[in-house]
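Letter by letter, the chains look like this.
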Amino acid sequence: MSGGGGMNILPLLLAAPFAGACVCAVSGKRFAALVRTAASLAVFWLSLRAAARVCLGGAFAWEAAGLAVDGLSALLLVTVGLIGFAVSLYTHGYLAPSAREGGFSALFLLMTGGMVGTVCAADLVSLVAFLEIASLASYALVAHGGGKDALEAGFKYLAIGCLASLFAFLGAAVLRSATGAASLADAASALAAPGATPALRLAAGLLIAGFGTKAALAPFHAWLPDAHTSAPAPVSAMLSGVLVKALGVYALLRLFLAAPGPGVAGVLATLAAVSIIGGALLAAAQHDYKRLLAWSSVSQVGYIVAGAATGTSLGMAGALLHLCAHSAAKSALFLSAGAVDRAAGTRDLRRLGGLRERMPVTASSSLAASLSLAGVPPLGGFWSKLLILLGCVEAGLGGLACAAALGSLLTLGAVMKAQRAIFYGELRPHWDAVREAPPSMRAPMVALAVLSAAAGLLLLPGPPRALLAGARDALRGTRQAARFAAGDAAEARAKNGVRLR
Amino acid sequence: MSQAALPATLGLLLFCAGVYAMLAKRSISKTALGVVLCSYAAAFLAGLLSAGTPGGVEGGMAWAGIAAQLAAALLLAPMGAGLRRRFGTDDLAKIRGLKG
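Residues numbered from 1 in each chain as written. Chains lettered and ligands numbered in written order. Predicted model: local features only at pLDDT ≥ 70, side-chain atom pairs only at ≥ 80, totals over all residues. Heavy atoms only, no water.

With that settled, consider the overall build of chain B. The helix and strand inventory of chain B stands at three helices and zero strands. When the elements of chain B are put in sequence order from the N terminus, they spell out α-α-α. The proportion of buried residues among the 100 residues of chain B is 39%. A fraction of 56% describes how many contacts in chain B between residues 6 or more apart in sequence connect residues 24 or more apart. (Helix = DSSP H or I, 4+ residues; strand = E, 2+ residues; numbered from the N terminus. Buried < 20%, exposed > 50% of the residue type's maximum accessible area, 1.4 Å probe, protein only. Contact = heavy atoms within 4.5 Å.)

Helix and strand content of chain A: 18 helices and two strands. Relative to a compact globule of 501 residues, whose C-alpha radius of gyration would be 23 Å, chain A shows 22 Å and is just as compact. Projected onto its principal axes, the C-alpha positions of chain A cover 80 × 50 × 45 Å. The 501 residues of chain A split such that 62% are buried. Within chain A, contacts between residues separated by at least 24 positions form 82% of all contacts whose residues are at least 6 apart in sequence. Surface exposure of chain A reaches about 16100 Å², of which carbon and sulfur atoms provide 68%. Chain A carries 37 positive and 20 negative side-chain charges, and their two centres are separated by 1 Å. (Rg over C-alpha atoms; globule rule 2.2 N^0.38 Å. Areas by Shrake-Rupley, 256 points an atom, 1.4 Å probe, with all protein chains shown as cover. Lys, Arg positive; Asp, Glu negative; His and termini not counted. Charge placed at Lys NZ, Arg CZ, Asp CG, Glu CD.)

This next bit is on the nonpolar core. Counting residues in hydrophobic clusters, the biggest one holds 199 residues, and the most contacted among them are L72, M115, L175, F211, F256 and L355 of chain A. Leave out the neighbours within four places in its chain, and L175 of chain A touches L124, G180, A187, A190, L191, L200, A203 and L207 of chain A. (Core = buried A, V, L, I, M, F, W, Y, C linked by side-chain atoms within 4.5 Å.)

Take the layout of surface pockets next. All names here are of chain A. Roughly 540 Å³ of volume is contained in the largest pocket. Around the largest pocket, the lining is made up of 20 residues, and of these V78, L451, L458, P464 and L467 lie nearest the centre. Listing elements by their share of the lining of the largest pocket, those giving two or more residues are α2 (29-57), α3 (71-94), α13 (313-344) and α18 (463-496). In terms of residues, the lining of the largest pocket owes the most to one element, α3, which gives five residues. For the lining of the largest pocket, the residue count by class is 18 nonpolar, two polar and no charged. The calculated volume of the second largest pocket comes to roughly 430 Å³. (1 Å grid on protein atoms, 1.4 Å probe; cavity = no way out; pocket = protein on both sides within 12 Å on 5 of 7 lines; lining within 4 Å. Points joined across faces, edges and corners; volume = space filled by probe spheres on them. Nonpolar A, V, L, I, M, F, W, Y, C, P; charged D, E, K, R; others polar.)

Listed as interface residues are 38 residues of chain A and, on the opposing side, 41 residues of chain B. Around 3400 Å² of area is buried between chain A and chain B when both sides are counted, 78% of it from carbon and sulfur atoms. A per-residue breakdown of the area chain A buries against chain B is headed by E152, F155 and F169 of chain A, which together make up 21% of the total. Counting the contacts that link chain A with chain B gives zero salt bridges. Seen at the junction of chain A and chain B, the total is zero residue pairs in polar contact (both at pLDDT 80 or more). Elements that contribute at least two residues to the side of chain A that touches chain B include exactly α5 (124-142), α6 (148-179), α9 (223-230) and α12 (289-309) of chain A. Looking at which element gives the most residues to the side of chain A that touches chain B, the answer is α6 of chain A, with 22 residues. (Buried area = accessible area lost by both parts, 1.4 Å probe. Salt bridge = Lys/Arg side-chain N within 4 Å of Asp/Glu carboxyl O. Polar contact = N/O pair within 3.5 Å; in protein donor to acceptor, adjacent residues only side chain to side chain.)

Before going further, it helps to examine the confidence of the model for chain A. Detail in the predicted coordinates should be disregarded across regions flagged by low pLDDT. All names here are of chain A. Chain-level pLDDT for chain A is 87 on average; 92% of the residues reach the 70-or-more range. For chain A, α18 is the element with the lowest average pLDDT, namely 69, and helix α14 (residues 360-374) is the one with the highest, namely 95. Ignoring residues within four places in sequence, the model shows residues 1-5, a span with pLDDT below 50, making 14 contacts including any to other chains. Predicted confidence is poor over residues 496-501, with pLDDT under 50, and the contacts of this stretch with residues over four places away or in other chains come to 15 contacts. (pLDDT = per-residue confidence, 0-100.)

Residues and elements named next belong to chain A. Of note, S126 is situated in helix α5. Overall, S126 belongs to the buried group, its relative accessible area being 8%. Within the local environment of S126, its side chain forms a polar contact with the backbone oxygen of A65, the two atoms lying 3.3 Å apart. One polar contact links the side chain of S126 to the main-chain carbonyl oxygen of G66, over a distance of 3.2 Å. Those residues within four positions of S126 in sequence are excluded, and the remaining contacts are A65, G66, L67 and A121.

All names here are of chain A. Topologically, M238 is positioned in helix α10 (residues 233-257). As a C-alpha pair, M238 and A449 span 211 residues in sequence and 15 Å in three-dimensional space. Not counting the four nearest positions on each side in its chain, M238 is found in contact with I83, G84, V87, F108, M111, T112, M115 and L243.

Let us now look at helix α8 (residues 198-215) of chain A. For α8 of chain A, built from 18 residues, the straight-helix expectation of 26 Å at 1.5 Å per residue is met to within 8% by its first-to-last C-alpha distance of 25 Å. Summarising burial for α8 of chain A: 13 of the 18 residues are buried, a large majority. (Expected span 1.5 Å × (residues − 1).)

As structure tokens, this is what we get:
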């Protein structure tokens, strides 16, 4: 174990969710809910401590387990911890205590632990192992309801997810075999080096297909709309809020986008543009509130990848800020969708209307998160999208900038359509009996909506900015290391007349 | 041609057969079979790759992959059985409640 003195909190960060999962699996329904919330709170607290340690003393590692925390990991850790704790609290009110509560809580904590391990992974083996733990738990959680739709979506998600994992696994194995790279930093350098061999191109293709599927980047997004729509609302909030980012976007950032290779940046920018426009268009066409939000997630993941693919500091900062703002906004929106579904028994936009009278808190938090998601100034999403747009312009990617601007307008249209259909207009008589969600569901919704709206504060001087700057510096460090490696490789080729293996 | 060419080709063929079974056959049992075939092929190919590289890190990677895919196959079986029981058919074309 190493890193800057003091006790290493990485073992505790992993022990909290995994030990909690073991306890939940064998405990009664009420006790399981308490353990889930306590373990989620512990993860959140420890992630804050890890982030503080990175901001004050730099990166630290647990070498024996192949784990390390730098600025980027710290940002993701805090996001996973925060959303996980908020969703765990919400679940108290959303899920009536049942015999399946223990299983749900165990899977929830397994998924959280898997995500914590994934974002702390320093080498390919740890990345593959923790990614699989989180993925397996998420497949089971999607099907947890046991209904026809849940089973169908879970099966589809499992089949596509397995294929994605296999692509990522094979890509990692080919990369390791071709370059000898074991750590993620070495792997990123090898992938960014010019003059790639066919083996490296194969590895890059497999890794993009694998992690692109985990991130639900078009055209690898087929699993997402069904899985997000059919899962219980807390699971949808976790999937869209953090899972696609921790498993897919994070790996793409680490391996490709920190130091985009010559061809890879263009491929990812194209996929991002398709995701932004396609996701937003399909979101606007939906009548199921959760399906609308699910398609919007495809679009918003495109923004994160677009910002990072520009390779500029502005674009990178925008991508990281959008990662945080979208996590909070989309989690708040899925939680509000769950509150509406629970109160009215439907998510069909054509049947709902006027619920603001009966559910004012849910309506207000949903509106704030929707406006932030669409990028309405001065809310969080506005600043992140502005930075991404500026990054695209700075990088000379005019087409991507146009796609980002158009996608934002389409998103605004989609979320306003949903807001109007659900909360505004005249209350229909059959919704007279609808009641506001209980406090345990309202509090996380409000907190996440406020955080999404205020995400722009991460750009102001102070500790939050240090978190964002630390993540950007981590990516910049990887880029510089890759450039040095590329320089060494070019020098070696000039001397020996051989290509990088 | 190296000694590993034939096993590698067989591994790739096995992987392609698995992908074909998953994507083209539109049946619960064949999709599950496809996942298992792909898993074995991937573990086999990772093992082959590890044999050619010093350090043995890929050995750990291959084991991690095998364990993960075994767990996925174990999860796939009850989920597929539940789906078949609920819908009364093995044909995925008839189980199209969701729009994708």
